[in-house]
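Working through the structure, step by step
So you can see what is in the structure, the chains are spelled out below.
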Amino acid sequence: METRGVDTQPRTQRHGSGWGLIPRPFSFEWTGPTTPVPWGRDPDAVEVDGRGVAVELRQVTSPEDLGSAAETHPWQVREAYGLEISDRGIRLSYVDREGAHRGAWTLRRMVRAGGGVLPCARILDRPAYRWRGLGLDIARHFFPPADLCRVMDVMEEVSLNVLHLHLSDDQGWRVEVPAQPRLVEESSGGAVGGDPGGFLSQADLALLEVEASRRGIALVPEVDVPGHTHAALHALPDLNPRGCPPPAYTGTEVGFSTLSTQAPGTAAFLDAVIDALAPFAAHGLHVGGDEPHVTAPGDYARLVGMALERVHDHNLRAVAWQEAAHLLAPGDLVQVWDEREDLSEVAAAGRRGVGVLLSPASRIYLDMKYDPATRIGTTWMGTTELRDSLEWDPRQIVPGLAGEAVEGVEACLWTETVRDMEDLTLLLLPRLAAAAEVAWAGSGVGEWDSFRSRILPLARSWHARGLVWHPSPGVDWQEATGVTHH
Ligand code: TNX
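Residues numbered from 1 in each chain as written. Predicted model: local features only at pLDDT ≥ 70, side-chain atom pairs only at ≥ 80, totals over all residues. Heavy atoms only, no water.

Some points on the sheet that holds strand β7 (residues 117–125)
Pairing is mixed across the open sheet formed by five strands, whose spatial order is β1-β7-β5-β6-β4. Strand pairing shows two members of the sheet lacking a second neighbour, β1 (27–36) and β4 (56–59), which therefore form its edges. The mean angle between the axes of side-by-side strands here comes to 20 degrees, regardless of whether they run parallel or antiparallel. Note that strand β5 (residues 81–86) and β7 share five bridges and pair antiparallel. Paired with G82 across the bridge in β7 is L124. (Pairing = 2+ DSSP bridges. Helix = DSSP H or I, 4+ residues; strand = E, 2+ residues; numbered from the N terminus. Axes fitted to C-alpha atoms, helices over the stretch in contact; angles between N-to-C directions.)

Side note on the site of the ligand
Within the structure, the ligand sits among R140, H228, D290, E291, W321, W337, Y365, D367, M368, W380, W414 and E416. Residue D290 places a side-chain N or O atom 2.9 Å away from a nitrogen atom belonging to the ligand. The contact in question runs from an oxygen atom of the ligand to an N or O atom on the side chain of E416, over 2.6 Å. Here the ligand, which alone exposes 360 Å², has 97% of that area covered by the protein. Here the residues of the shell around the ligand sort into six nonpolar, one polar and five charged. (Near = heavy atom within 4 Å. Polar contact = N/O pair within 3.5 Å; in protein donor to acceptor, adjacent residues only side chain to side chain. Areas by Shrake-Rupley, 256 points an atom, 1.4 Å probe, with all protein chains shown as cover. Nonpolar A, V, L, I, M, F, W, Y, C, P; charged D, E, K, R; others polar.)

Focus: the domain arrangement of the protein chain
Here the domain parsing of the protein chain yields domain 1 (27–125) and domain 2 (131–454). Relative to domain 2, the C-alpha centre of domain 1 lies at a distance of 34 Å. Of the residues lining the interface, eight residues belong to domain 1; the matching set on domain 2 comes to eleven residues. The contact between domain 1 and domain 2 buries some 810 Å² in all, and 39% of this surface belongs to carbon and sulfur atoms. (Domains from an automatic or database assignment. Contact = heavy atoms within 4.5 Å. Buried area = accessible area lost by both parts, 1.4 Å probe.)

What to know about the nonpolar core
In terms of nonpolar packing, the biggest core is built from 110 residues, with W173, F269, L432 and I455 touching the most fellow members. Ignoring sequence-local partners within four residues, the contact set of F269 consists of W173, Q180, L183, V225, A232, L236, L239 and L259. (Core = buried A, V, L, I, M, F, W, Y, C linked by side-chain atoms within 4.5 Å. Buried < 20%, exposed > 50% of the residue type's maximum accessible area, 1.4 Å probe, protein only.)

Describing the sheet that holds strand β17 (residues 406–413)
Spatially, eight strands are ordered β8-β9-β12-β13-β14-β15-β16-β17 in a closed barrel, and the strand pairing comes out parallel. Strand after strand, the sheet turns through a mean of 25 degrees between neighbouring axes, direction not considered. In terms of strand pairing, strand β12 (residues 218–225) meets strand β13 (residues 285–288) through two bridges, oriented parallel. Across the sheet, the residue bridging to E222 is H286, located in β13.

Digging into the layout of surface pockets
Space inside the largest pocket adds up to approximately 630 Å³. In terms of lining, the largest pocket is formed by 23 residues, of which the most central are R78, E98, G216, A218 and H283. For the lining of the largest pocket, the elements supplying multiple residues, two or more each, are α3 (97–114), α6 (202–214) and β12. The greatest single-element share of the lining of the largest pocket, amounting to five residues, is contributed by α3. A domain split of the lining of the largest pocket shows at least three residues from each of domain 1 (27–125) and domain 2 (131–454). Estimated volume of the second largest pocket: approximately 460 Å³. Taken together, 21 residues make up the lining of the second largest pocket; nearest its centre are H73, W75, A128, Y129 and V406. Elements with a minimum of two residues in the lining of the second largest pocket: α2 (74–77), β17 and α14 (431–441). (1 Å grid on protein atoms, 1.4 Å probe; cavity = no way out; pocket = protein on both sides within 12 Å on 5 of 7 lines; lining within 4 Å. Points joined across faces, edges and corners; volume = space filled by probe spheres on them.)

Looking at helix α4 (residues 145–157)
Along an α-helix, a turn takes 3.6 residues, which lines up residues three or four apart on a common side. With 13 residues, α4 extends 18 Å from end C-alpha to end C-alpha; this agrees with the ideal 18 Å at 1.5 Å per step. Most of α4 is tucked away, with eleven of its 13 residues classed as buried. Listed in full, the buried residues belonging to α4 are P145, D147, L148, C149, V151, M152, D153, V154, M155, E156 and E157. The positive-phi residue at the C-terminal boundary of α4 is S159, with phi of around 60 degrees. (Expected span 1.5 Å × (residues − 1).)

Things to note about the environment of Q202
Note on placement: Q202 falls in helix α6. Sequence-wise, Q202 and W448 are 246 residues apart; in three dimensions their C-alpha atoms are separated by 42 Å. If sequence neighbours within four positions are ignored, Q202 has contacts with E176, P178, A276 and F280.

Some thoughts on the packing of aromatic side chains
Applying the stated criterion to the full structure yields twelve aromatic pairs. We note R51 situated over the ring of W39; from NZ or CZ to the ring centre the distance is 3.7 Å. (Phe/Tyr/Trp six-rings, centres within 6.5 Å; stacked < 30°, edge-to-face > 60°. Lys NZ or Arg CZ within 6 Å of the ring centre and 35° of its normal.)

Topic: helix α13 (residues 421–428)
Counting buried positions along α13 yields six of eight residues, so the element is predominantly enclosed. Listing the buried residues of α13 in full gives D423, L424, T425, L426, L427 and L428. On the buried face of α13, the contacting elements are β8 (131–137), α4, β17 and α14.

Considering unusual backbone geometry
P23 follows I22 through a cis peptide bond whose omega is 0 degrees. Counting through the fold element by element, P23 comes out in the loop between α1 (9–15) and β1. Backbone geometry places D49, a non-glycine residue, at a positive phi of 45 degrees. Structurally, D49 can be placed in the loop between β2 (46–48) and β3 (51–53). Using a relative accessible area of 52% as the deciding quantity, one classes D49 as exposed. Unusually for a residue other than glycine, E291 sits at a positive phi of about 45 degrees. Relative to the assigned elements, E291 resides in the loop between β13 and α9 (297–313).

Below, the structure is given as structure tokens:
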């Protein structure tokens, strides 16, 4: 059971060097025993569960001033911070506001883990990868902005920084495109299995962007082309070469729909959609490109090429799934999902300056069942337990790819079987914490023994908010929450 008040050695050992921290900081050095949390109300207080913790905030100009000589890449400096905790107080140093944000979250996690005390310690921290994402499919089932904010709360708590929204697929069109109003009029009402649909208006996107940025998160919108476009073909007759739109689709097959170079409306459609998403794509506009099973290779290259050109015309970075690796330009980003496929085009893209984002389905496709008994989810890539999501190294997935080309890690949640928030958090948690650990610390190999105790304070915080999660084996969930899962 949780003990309260000042204790030293036992807790020190129990929390190891991480003091209940997920993600694990770059360096954590004990400088003394524990000290009581300095609750306070000064203007610089960091809010923790409704109370203030007194913190001295110190903005510095160079990463060396954060308290370590460790080499820090320029892109890491933005999110880097130093935390010094002693019996004289807490000091949080940072170069950029984002670093202060990450540091405040580390402090919050430590306070929650500590039962009234903090370790006297010096922490220097910065992320291993700059893109630490969650890809969420709101096309198969729709989740409105309020739900997306709850998802972003969970992301923020583990310092994830990209929410990639999959906004269109065969079963639904989920975003307002002012120049093509029929897309949401005709194709947003339904979802998989005949469930109710919905869509994000332009105003919703603007609101979400504000909410995301408050949490240190960037939005990345995705329109998936040329496959996964049945909902668009249904809404817009002139996307069909013969002009007749197919009926709406509510099943879960993939790879049967395609845009066509022969249809009169294709170019105008691509331009309208990309123009509508561009204002919300400062960090990248995802054009999909996956599973083009019924698109001839020449047409595929032309259609993806048209989309990429429009994205580049907006001076934006394009993101696409691995099937489009050969079409991407330096500065773009390729997202790997099926590591069983030949990834030589991904490695080649990495060599010419395309960033590589790792979402290996066997590790962090969070729609995979945990075990055969999981009540929802799929199994096409097998089952994935918490430990599988943790113990892998993103630099080992693509043969022949230099480690520096790995720009990030993104867990994906496809929602064919996910109908409400309870379903969603059951698949997301606890595996999202493992993805976040890999994404911030660089790799999860060999981390299981420490991770399975570091996750307890996080579970306590999920529990306090009433979130449902899967009780993966190997973790003493009851110790965290006092609740026995069935
Ligand atoms: C593959 S991943 C897909 C999705 C499915 C998912 C289900 C990818 C780029 N395409 O369309 O929803 O598998 O796990």
